[in-house]
Amino acid sequence: MIDFETAVSEVLRLTYMLPTHAVHLANSRGYVLAEDIIARESIPLFDSTSVDGYAVRADDIITALSSSPVHLMVQGAVQAGDSRVLHLKRNHAIKIFTGAQLPLDADAVVMKEYVSEENGKAAFHEPIRMGENVRKRGAEFSNGAIVFSAGTLITPPVMGMLSVLGYPKVQVYRKPKVALVITGNELRPPGSRLKRGQIRDVNSLSLTSMLRMLAIEPTLVVSVRDLKSAVSSAIRAALKKSDVVISTGGVSVGEYDFVRDVFAELRVKTIFWRIALKPGKPNYFGIKGRKLVFGLPGNPVSALVSFELLVRPALLKLQGLKTENQVSFRARLTRDLRKKAGRLEFIRAVFTKNSGSELLVTPTPGQDSHIMSSLARANCLMLFPKDAEFLPKGSVVEIHVLPWQQW
Ligand code: AMP
Ligand code: MG
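Residues numbered from 1 in each chain as written. Chains lettered and ligands numbered in written order. Predicted model: local features only at pLDDT ≥ 70, side-chain atom pairs only at ≥ 80, totals over all residues. Heavy atoms only, no water.

You can read the domains of the protein chain as domain 1 (4-19 + 175-325), domain 2 (20-43 + 141-169), domain 3 (48-135) and domain 4 (328-406). The gap between the C-alpha centroids of domain 3 and domain 4 is 59 Å. (Domains from an automatic or database assignment.)

What follows is the structure, given as structure tokens:
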């Protein structure tokens, strides 16, 4: 049995980044950049106004007072998208609308709210600083600047920035092809009527939706009976079609647990099989060439938690993500907790803020590995260290925020 930390670092050590390809900007969300993104022009591209108002030379209204306003002739108007470049005459103002190009020789924009216009003349009641309400060309990036480096996740605002920069396509890491093999004689598809002894399959949908959260569509989801031949042909097909094979169930020591035998026969190299972890003790990881093979436990809670803790980091690294993206906090436990020493436990829990903005964490009811509702109600996993047996109420513990609460 290996420690959880060793298991994670072994998985990541053996996870390679996938090859890269180009995607259209419109489809790029959720991919990771495989190239540095350079500004190929100044950002912003031209001086413009950030308000509706009057473009002026600050110098022309330097003497303006509310008791003696300065009057300037309104020379014209310029709208966002106008391609004409107006030239501001001395002692004149140009009416201007948010986003419009700043006229030549104008150096500030007075907000409309502060100006009264009558008979083609605008009255200014106070001076303005040069540059006020002006978005300067190149203020954000000059031509040639590195805006994002390779390894950046394309989020909606990153996509927005790529739109600003005029990239029609970007080079990204390929998404992994992932196959799911769900084992168990007792399993029937979700929504089915059950005969005695049967249960509904949870893992197909919970793991598929975990993959979809990472913008990965599984290449294969197959449910098989606990027959060695059936498990073998499913896993063989899965290996052929994918970069990552994930099985659930049949990986423990029961007489019908064929998954490890099948992995061995298909020449998957075992890296580890059991982890000092709860939930998720029977947890297989192996490699075949560069393909990753995860044999997750069948219990739906263990399968989903193991996916979150071991598989998701690997899927993120395969897709080129360089930085750790796990959100962790420290929180104060609201009640006593006990366990046996020997395994690191991830307790399903809810964290909240108290009135002093301190984080509090409370386990959800029912921590046995088959109790799905306690995971469904949780927003975090609380770490109960391996060798600890007792955590008194008020202890400060680490919490691992679950990703599916943030959408
Ligand atoms: P196993 O790891 O195959 O020994 O399964 C452990 C427990 O999880 C058993 O009670 C199984 O019935 C249950 N189980 C396994 N796979 C699934 C699944 N896909 N959906 C729901 N329960 C499952
Ligand atoms: Mg089973």
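On to the packing of aromatic side chains, then. Where two aromatic rings form a pair, the distance of their centres and the angle of their planes describe that pair. Taken as a whole, this structure holds six aromatic pairs when the rule is applied. Aromatic side chains Tyr 54 and Phe 124 sit 6.2 Å apart centroid to centroid with 90° between the ring planes, which places their arrangement in the edge-to-face category. Here Tyr 54 is found in strand β4 (residues 53-56), whereas its partner Phe 124 is found in strand β9 (residues 121-124), with 70 residues between them in sequence. With centroids separated by 5.0 Å and ring planes inclined at 40°, the aromatic side chains of Phe 285 and Phe 294 adopt a geometry described as tilted. Within the aromatic cluster, the residues linked to one another by ring pairs are Phe 272, Phe 285 and Phe 294. Over the ring of Tyr 16 we find Arg 290; its NZ or CZ atom is 3.9 Å from the centre of that ring. (Phe/Tyr/Trp six-rings, centres within 6.5 Å; stacked < 30°, edge-to-face > 60°. Helix = DSSP H or I, 4+ residues; strand = E, 2+ residues; numbered from the N terminus. Lys NZ or Arg CZ within 6 Å of the ring centre and 35° of its normal.)

Before going further, it helps to spend a moment on the site of ligand 1. Not every one of the 14 residues close to ligand 1 is listed here, only the nearest: Glu 186, Asp 201, Val 202, Gly 250 and Gly 298. A distance of 3.1 Å is found between a nitrogen atom of ligand 1 and a side-chain nitrogen or oxygen belonging to Asn 203. In the model, an oxygen atom of ligand 1 is placed 3.2 Å from a nitrogen or oxygen of the Asn 299 main chain. Out of a free accessible area of 480 Å², ligand 1 has 74% covered by protein chains. (Near = heavy atom within 4 Å. Polar contact = N/O pair within 3.5 Å; in protein donor to acceptor, adjacent residues only side chain to side chain. Areas by Shrake-Rupley, 256 points an atom, 1.4 Å probe, with all protein chains shown as cover.)

The amide bond that connects Ile 43 to the next residue, Pro 44, takes the cis arrangement and shows omega of -10°. Along the chain, the position of Pro 44 falls in the loop between β2 (37-38) and β3 (48-49). Here the amide bond leading from Lys 278 into Pro 279 is cis, since omega sits at -5°, within 30 degrees of zero. Along the chain, Pro 279 falls in the loop between β19 (277-278) and β20 (282-288). We note that Ala 215 has phi near 60°; this positive angle belongs to a residue other than glycine. If you trace the backbone, Ala 215 turns up in the loop between α3 (203-213) and β16 (220-224). With relative accessibility at 34%, the residue Ala 215 sits in the partly exposed group. In the Ramachandran plot, Arg 267 falls in the positive-phi region, its phi being about 60° despite a non-glycine side chain. Tracing the chain through its elements places Arg 267 in the loop between α5 (259-265) and β18 (269-274). Look at Arg 267 and you get exposed, because its relative accessible area is 68%. (Buried < 20%, exposed > 50% of the residue type's maximum accessible area, 1.4 Å probe, protein only.)

Spatially, the six strands line up as an open sheet ordered β16-β13-β17-β21-β20-β18, and their pairing is mixed. For this open sheet the edge positions go to β16 and β18, each flanked by a neighbour on one side alone. For this sheet, the mean inter-axis angle between neighbouring strands, taken without regard to orientation, is 15°. Across five bridges, β20 lies against strand β21 (residues 291-296) in antiparallel orientation. (Pairing = 2+ DSSP bridges. Axes fitted to C-alpha atoms, helices over the stretch in contact; angles between N-to-C directions.)

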